[in-house]
Structures are given as structure tokens and as C-alpha cells.
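Coordinates in review
Next come the chains, spelled out residue by residue.
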Amino acid sequence: MKLWWITNIIWLLLFAAASIVISVRNVDGAGVVQTPELRLIAFIVLGAFFIFVLIGQLIFLYFARKRNHKA
């Protein structure tokens, strides 16, 4: 269970860092100047990935707790 918490903290730090990078950058990796609309799209993509990871973590937590209650 401790590994689950450490993994969640690492994911949280990665998402925070990605959010900061998206909000501060003037030009993305392809050389496109960032407008508010493009930043919003980048945040939506990051949010969708966050939801995907969150669902995976919750499924893992469900099975980890289920296994701990059996033991």
C-alpha cells in the first residue's frame, strides 16, 4: 500500500510540472506560438490523461484492498 501512495505522489508531481510547463511556455515543441486556445487544448489533453491514470490507480487500489482483506 505504501508503494501505491508513493506512485500517486510521483504522478501528482508529474502532472503539476506538466501544468506549469504548459502555462508558462511561449512556444511548444513544434514551434507553434501558444495562444490561450492552444493552451486550453493542451490542458484538456493533460486532463484526459490524468483521468485515465486516475481510473487505473483506483482499479489498482480496489484490488489491493481486496487482497489485503482476504489475508
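The structure contained in this document is the topic of the report that follows.

**Topic: the overall build of the chain**
- From N to C terminus, the chain includes 2 helices and 0 strands.
- Relative to its length of 71 residues, the chain is extended, with a C-alpha radius of gyration of 17 Å against a globular reference of 11 Å.
- When the backbone C-alpha atoms are referred to their principal axes, the chain occupies close to 55 × 15 × 15 Å.
- Out of the 71 residues in the chain, the part that is buried amounts to 17%.
- Look at the contacts in the chain between residues 6 or more apart in sequence, and 51% of them connect residues 24 or more apart.
- For the chain, the exposed surface amounts to about 5800 Å²; the carbon and sulfur share of it is 77%.

**A few points about the environment of Ala30**
- Residue placement: Ala30 occurs in the loop between α1 (2-24) and α2 (36-70).
- A relative accessible area of 68% places Ala30 in the exposed class.
- In sequence terms Ala30 and Asn68 are 38 residues apart; their C-alpha atoms lie 47 Å from each other.

**A few points about the packing of aromatic side chains**
- Tallied over the full model, the rule gives 6 aromatic pairs.
- On the numbers, 5.8 Å between centres and 50 degrees between planes, the contact of Phe15 with Phe49 is tilted. Separated by 34 residues along the polypeptide, Phe15 in helix α1 and Phe49 in helix α2 bring together distant segments of the chain.
- Considering the side-chain rings of Phe15 and Phe50, the 5.0 Å spacing of their centres and the 85 degrees angle between planes classify their relative orientation as edge-to-face. Taken as a pair, Phe15 in helix α1 and Phe50 in helix α2 lie far apart in primary sequence, 35 residues in all.
- Classification of Phe15 by relative accessible area gives buried; the value is 9%.
- On the basis of relative accessible area, Phe50 is assigned to the partly exposed category, the value being 36%.

Calculation notes
Residues numbered from 1 in each chain as written. Predicted model: local features only at pLDDT ≥ 70, side-chain atom pairs only at ≥ 80, totals over all residues. Heavy atoms only, no water. Helix = DSSP H or I, 4+ residues; strand = E, 2+ residues; numbered from the N terminus. Rg over C-alpha atoms; globule rule 2.2 N^0.38 Å. Buried < 20%, exposed > 50% of the residue type's maximum accessible area, 1.4 Å probe, protein only. Contact = heavy atoms within 4.5 Å. Areas by Shrake-Rupley, 256 points an atom, 1.4 Å probe, with all protein chains shown as cover. Phe/Tyr/Trp six-rings, centres within 6.5 Å; stacked < 30°, edge-to-face > 60°.

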